[in-house]
Amino acid sequence: MTYGEALEDFAIMALLGCSSVHVGGGETLLDPDGLCLVLDAARDAGVEIRYVETGCSWYRDKDSSRTLLERLSSHGLHTLLISMSPFHNEHIPFNKVKGVIEACHESGVSLFPWIADFYLDLDTFDDSVTHSLDEYRRQFGETYVENLPRRYGIVPGGRALETFDGIMEESSIEELTEAKRETGCIELSDTSHFHIDLYGNYIPGMCAGLSIAKEDLGHPLDPDEYPVITRLADGGTGALLSWVMEKYSFRPQRRSYTVDCMLCYEMRRFLVVEKGFDSSKELQPANHYLVP
Ligand code: SF4
């Protein structure tokens, strides 16, 4: 993301009433120069950066980390959200997290551990290597992963759909679609915690793979330009399912799912991958669906 792109996005956010944001990734600190420019753009647009998120994969040693955080601090970084959970520990050794915590203390940057409650769990294992969820099951009991949603705000998207598939109870398509037939997906209009991707697309709800072009923010969406999102907003997955079955001959792969978001994602992926659906506005970035 360039300084100009970030400045434009922050200006739109400020215009629509958002005065503070967080910066996330991917991994924000893989490109410290780029992150400095984003921090500068926020400052110049008058938008506060509440925190920057990191997974700590970039950590090498204490001195270079402290120097990096001091540099970011001079560009306005005051709080670092540090990922800390079994999901994260599947990919990042805990000693990197500990190293960044120490560097934060030394550089005067505040910590926002996400989630501190997991510290002791993670600290049970050898912190120099990663650990699978199966190791957590073996250490803490068979129901450990099943109980994680009580301790972690799981968003039903991305790899969470696979992790919890087969663990959580399933409901029939009829039950899942009926539940939102009247209300639609109210998640889509929730602006209390939103994201804008590096291409400038607004991501409604926490629904990765759905997008609204920035020029369309702030007024009602045109159903012809946003046939997927407007159907989901009006009648949930049931409304989208009827349309996709009728117009594109879609057939669900299963009779039951753990959450309707699984079916929603299956339909969206089908539209992009199987049907080459023109998704230039509402199903972005397209590569999101093309990754196997
Ligand atoms: S069903 Fe689709 S639109 Fe509704 S909350 Fe789930 S992912 Fe979002």
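All values reported here derive from a predicted model rather than from experimental measurement. (Residues numbered from 1 in each chain as written. Predicted model: local features only at pLDDT ≥ 70, side-chain atom pairs only at ≥ 80, totals over all residues. Heavy atoms only, no water.)

## Here's the deal with the sheet that holds strand β4 (residues 110-114)
Strand order in this open sheet of four strands is β1-β2-β3-β4, and the pairing throughout is parallel. Looking at which strands have only one partner, the edges of the open sheet turn out to be β1 (20-23) and β4. Direction aside, the axes of adjacent strands within the sheet are offset by 25 degrees on average. By the bridge criterion, three bridges tie strand β2 (residues 48-54) to strand β3 (residues 79-83) in an arrangement that is parallel. Bridging from a neighbouring strand, Val 52 pairs with Leu 80 of β3. Each of β1 and β2 touches helix α2 (residues 32-45); the most contacted strand, β2, lies at about 160 degrees to it. Each of β3 and β4 is contacted by helix α5 (residues 94-107), which is oriented at about 165 degrees to β3, the strand it contacts most. (Pairing = 2+ DSSP bridges. Helix = DSSP H or I, 4+ residues; strand = E, 2+ residues; numbered from the N terminus. Axes fitted to C-alpha atoms, helices over the stretch in contact; angles between N-to-C directions. Contact = heavy atoms within 4.5 Å.)

## Observations concerning α2
Owing to its 3.6 residues per turn, the α-helix aligns residues three or four sequence positions apart on the same side. With 14 residues, α2 extends 20 Å from end C-alpha to end C-alpha; this agrees with the ideal 20 Å at 1.5 Å per step. Within α2, the full set of buried residues consists of Gly 34, Leu 35, Cys 36, Val 38, Leu 39, Asp 40, Ala 41 and Ala 42. Next to the buried residues of α2 lie α1 (3-15), β1, β2 and α3 (62-74). (Expected span 1.5 Å × (residues − 1). Buried < 20%, exposed > 50% of the residue type's maximum accessible area, 1.4 Å probe, protein only.)

## Regarding the nonpolar core
Among the nonpolar cores identified, the biggest contains 78 residues, and Phe 10 and Leu 80 are the most heavily contacted of them. Here this core gets eight residues from one element, more than from any other, and that element is helix α11 (residues 227-248). Residue contributions to this core reach at least three from each of two domains, namely domain 1 (3-153) and domain 2 (174-290). Every residue in contact with Leu 80, bar those within four places of it in the chain, is listed here: Leu 29, Val 52, Thr 54, Leu 69, Val 100, Cys 104, Val 109, Ser 110, Leu 111 and Phe 112. (Core = buried A, V, L, I, M, F, W, Y, C linked by side-chain atoms within 4.5 Å. Domains from an automatic or database assignment.)

## Section: α11
Taking 1.5 Å of rise per residue, the 22 residues of α11 would be expected to cover 32 Å, yet its terminal C-alpha atoms sit only 13 Å apart, more than 12% below that figure. The axis of α11 is deflected most strongly, by about 130 degrees, at Gly 235. Within two residues after α11, Ser 249 carries a phi angle of roughly 55 degrees, on the positive side. (Bend = angle between axes of the 7 residues up to and from the residue.)

## A look at the domain arrangement of the protein
As far as domains go, the protein holds domain 1 (3-153) and domain 2 (174-290). Inter-centroid distance (C-alpha atoms) of domain 1 to domain 2 is 28 Å. Contacts between domain 1 and domain 2 engage eight residues on the former and nine residues on the latter. For the pair domain 1 and domain 2, the summed buried area comes to about 650 Å², and 67% of that belongs to carbon and sulfur atoms. (Buried area = accessible area lost by both parts, 1.4 Å probe.)

## A short note on the site of the ligand
Around the ligand sit Lys 180, Cys 185, Glu 187, Leu 188, Cys 207, Leu 210, Leu 232, Thr 237, Asp 260, Cys 261, Cys 264 and Arg 268, and those are all the residues in its vicinity. For the shell around the ligand, the secondary structure elements donating two or more residues are α11 and α12 (260-274). The biggest single contributor to the shell around the ligand is α12, with four residues. Taken together, the residues of the shell around the ligand sort by class into seven nonpolar, one polar and four charged. (Near = heavy atom within 4 Å. Nonpolar A, V, L, I, M, F, W, Y, C, P; charged D, E, K, R; others polar.)

## Quick look at the layout of surface pockets
Taken as a whole, the second largest pocket holds about 480 Å³ of empty space. Taken together, 23 residues line the second largest pocket, and the ones lying closest to its centre are Leu 188, Thr 191, Tyr 202, Ile 212 and Leu 217. Put simply, the parts of the chain that give the lining of the second largest pocket at least two residues each are α1 and α11. The leading source of residues in the lining of the second largest pocket is α11, at three residues. Its residues assigned to classes, the lining of the second largest pocket comprises 16 nonpolar, six polar and one charged. (1 Å grid on protein atoms, 1.4 Å probe; cavity = no way out; pocket = protein on both sides within 12 Å on 5 of 7 lines; lining within 4 Å. Points joined across faces, edges and corners; volume = space filled by probe spheres on them.)

## Quick word on the side chain of Ser 85
By secondary structure assignment, the location of Ser 85 is in the loop between β3 and α4 (86-89). Note on Ser 85: relative accessible area 2%, which makes it buried.

## Section: the environment of Leu 16
On the secondary structure map, Leu 16 appears in the loop between α1 and β1. The class for Leu 16 is partly exposed, based on a relative accessible area of 49%. Distance from Leu 16 to Leu 81, taken between C-alpha atoms, is 25 Å for residues 65 residues apart in sequence.

## Quick notes on the pattern of salt bridges
On inspection of all chains with the given rule, the structure shows 23 salt bridges. Among the salt bridges present, the one from Arg 66 reaches Glu 106, with a minimum N-O distance of 3.0 Å. Note that Arg 66 is positioned in helix α3 and Glu 106 in helix α5, a separation of 40 residues in sequence. Glu 106 sits in the partly exposed class, given a relative accessible area of 37%. For Asp 165, the salt bridge goes to Arg 254, with nearest N and O atoms at 2.9 Å. Note that Asp 165 is positioned in the loop between α9 (159-164) and β5 (171-172) and Arg 254 in the loop between α11 and β8 (256-257), a separation of 89 residues in sequence. When salt bridges that share partners are traced, they join Lys 62, Asp 63, Arg 66, Glu 70, Glu 102 and Glu 106 into one network. (Salt bridge = Lys/Arg side-chain N within 4 Å of Asp/Glu carboxyl O.)

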